[in-house]
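# Per-entry structural report
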Amino acid sequence: MLEQLTIKKLGLIDAAHLNFSHGLIVISGETGAGKTLLLDGLVALTGYKPTSADMVDDDTFVEGIIDVGSNDESIAALGIELDEGRLYIARQFPKDGKSKASLQAKSAPSALLRELAELWIAIHGQHDTYRLLNPKTHLSILDEYGGEPISAVRQDVSAAFRLQQELTQKLKKLRSTREDALKIAQTLREDVETCANLAIQPEEDKTIAATIQLISDSEAVIEYLRTAIESLETDEGSVAAAIAKSITSLERISGSDSEISSLLTDLNETHVLITGVQSKLIRLLEKISNSDSDIDSLMQRQSQIKRLLQKYGPTTDDLFQWLESATEQLKLVDIGDEAIAKLENDVASASEQLQTVCEALHNQRVRASEELQVAVSSELEDLALVSARFEIDIKQSNISDNGFDTVEFMFSANPGMKLAALQDSASGGELSRLMLALEVSLLRDSNVPVMIFDEIDTGVAGATALSIAKKLVLVSRSSQVFVVSHLPQIAAFADQHFVVRKTIGIDSTSTEVLELSENERVTELARMLAGLEGSESAREHAEELLEKARAAKASLKN
């Protein structure tokens, strides 16, 4: 429970130090007196900026002491050391700087206070009633009611959706890369096949160029070759034949002199050399003489090799290195088919798993919706909406990280009326009661020690107001409940009653917050009933209302 609240220099509240008890605590006051400022003080303790943040100065200060009750272990899990089961939270809001927060007398970030607030306070105001009109919020309300079972499956859905999306994006990227690779691979494959068919030899480009040049100059070359061949021959015979004859003569006397033997050796070597040169000259002459028909094929081959060298050269060694690399790349492209096939299987498996957990989440939501429908309908009966019907419409839509369900609350206030969306079927007073019925249903198993209902009685009066008051009393038996109300029927049920009053002076306006004694409560209830604090009949009515409230509270069963 919230044991103490201290507010200094917040808007029109100059100073307020309030001590709170268990049970139902009602805050009343004339319109414009500053009840919102008191709530702003509570909001400040939750780490959020109060709506009156523009009404602060350098001395603005809010402090609260909270008994966390049974939530001590959850709070300790956040790394917070409690002081005899209590939290000490303070906020400052200097005009010219960021707000400052302290927790257990140590500096703390606002984000930690916001996380911590979920464990000790729940604030419900008019915006929550308006929230009912937005179907986008209905799914979260249902999931909140479903509690841990739905929360656990939602985590599974979120993880499965994230995995399926990651794999799908990976597959999409791989396919795109694969398409680009295939385009490149087609060119690579064509060039690799060309290289294989050509069977290019090292430095063949130079050899072909030289051959083509030789063929291009063939007439002159043939003439010179013939001259060279003829020079090795005479009318009496060839030079080789003359050397052979000399060799035969010397062989007959080679044994008589070592010098003759040496000369014989030289002549034999010369004969072999000249014979070889003469044979090569003759073959070259024949080749060149018959090469005219090969020039086209040589030039075509030269063109093919030159094209490859321009892309992958400049030398044949560079070309051979590229060929080896391209062959490996083409192998990887083939492996890419296997990778895509495997990833497609992974995506299919992930999608199947996502569908499975979404169906499990759907089933949990259907179960929770049936329970919530019964719970809310029971609460509506207690709130004088006996004939009202409340149903939860669950449809299937596109899968997201929150499953494939869309949820909308349907309502019918009177017999014979068809169920329709809330914005088309509920009045302001009915919405207020439906909101309270939902809150009571949602908080039935809640461990949140402090609950605040701001203007939950908007649009209601009379017997309905009494029904709301009784419902709030029941809630206050397990949690400390703050209610900002303008209805005397609700204020009469308070265990503790505070009034917010505005005082207007000549040059200033201030607001004070006072806890009312029993006699002062009668005066405040009389004002709320008739608007006249001094009306004797109003006071009698107020006393009667208090007595009936005490009797009703005593008769209420949890």
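Scroll up to find the structure.
So, here is what we can say about the structure in this document. (Residues numbered from 1 in each chain as written. Predicted model: local features only at pLDDT ≥ 70, side-chain atom pairs only at ≥ 80, totals over all residues. Heavy atoms only, no water.)

### Some remarks on the pairing of strand S14 (residues 450-454)
Rules: Three labels apply to residues, based on accessible area from a 1.4 Å probe with only protein chains included: buried if under 20% of the type maximum, exposed if over 50%, partly exposed otherwise in between. Secondary structure elements are taken from DSSP: a helix is a run of H or I of four residues or more, a strand is a run of E of two residues or more, and numbering for both begins at the N terminus. In this analysis, strands are considered paired if DSSP registers two or more bridges between them.
Where burial is concerned, most of S14 is hidden: 4 out of the 5 residues are buried. Here strand S8 (residues 121-124) runs beside S14; their pairing, made up of 4 bridges, is parallel. For Ile123, the partnering residue across the bridge sits in S14 and is Ile452. Judged from the 5 bridges that link them, S14 and strand S15 (residues 480-484) form a sheet pairing that is parallel. Its bridge partner being in S15, Phe453 is matched across the sheet by Val483.

### Describing the packing of aromatic side chains
To describe a pair of aromatic rings, one takes the distance between the centres and the angle between the planes. Selection rule: Stacked, edge-to-face and tilted are the three classes for Phe, Tyr and Trp ring pairs, Trp counted by its six-membered ring, which pair at centre distances within 6.5 Å; planes under 30 degrees apart are stacked, over 60 edge-to-face, the rest tilted.
Following the criterion strictly, the structure yields 4 aromatic pairs and no others. Between Phe20 and Phe482, the ring centres sit 4.9 Å apart and the planes meet at 85 degrees, which makes this aromatic pair edge-to-face. Placement of the pair is Phe20 in the loop between strand S2 (13-19) and strand S3 (24-28) and Phe482 in strand S15, with a sequence separation of 462 residues. Assessed through its relative accessible area of 9%, Phe20 is described here as buried. Using a relative accessible area of 1% as the deciding quantity, one classes Phe482 as buried. For the ring pair Phe20 and Phe498, a centre distance of 5.2 Å and an interplane angle of 65 degrees mean the geometry is edge-to-face. With Phe20 in the loop between S2 and S3 and Phe498 in strand S16 (residues 496-504), this residue pair connects regions lying 478 residues apart in the sequence. By way of ring pairs, the aromatic residues Phe20, Phe482 and Phe498 are connected into one cluster.

### Re the pattern of salt bridges
For the record, the criterion: The salt bridge criterion pairs a side-chain nitrogen of Lys or Arg with a carboxyl oxygen of Asp or Glu, the two atoms within 4 Å.
Tallied over the entire structure, the rule returns 19 salt bridges. For Arg527, the salt bridge is made with Glu524, and the minimal N-O distance between the two is 2.6 Å. Here Arg527 pairs with Glu524, and both are found in helix H16 (residues 518-530), just 3 residues apart, close to one helical turn. Here Arg527 matches Glu524 in class, with each residue buried. We note a salt bridge from Glu544 to Lys548, for which the minimum N-O separation is 3.3 Å. With a gap of 4 residues between them, Glu544 and Lys548 both fall in helix H17 (residues 536-555), about one helical turn apart. In the salt-bridge network here, residues are joined through shared partners; they are Asp143, Arg154, Arg365 and Asp405.

Any link to function would need more than the numbers given here.
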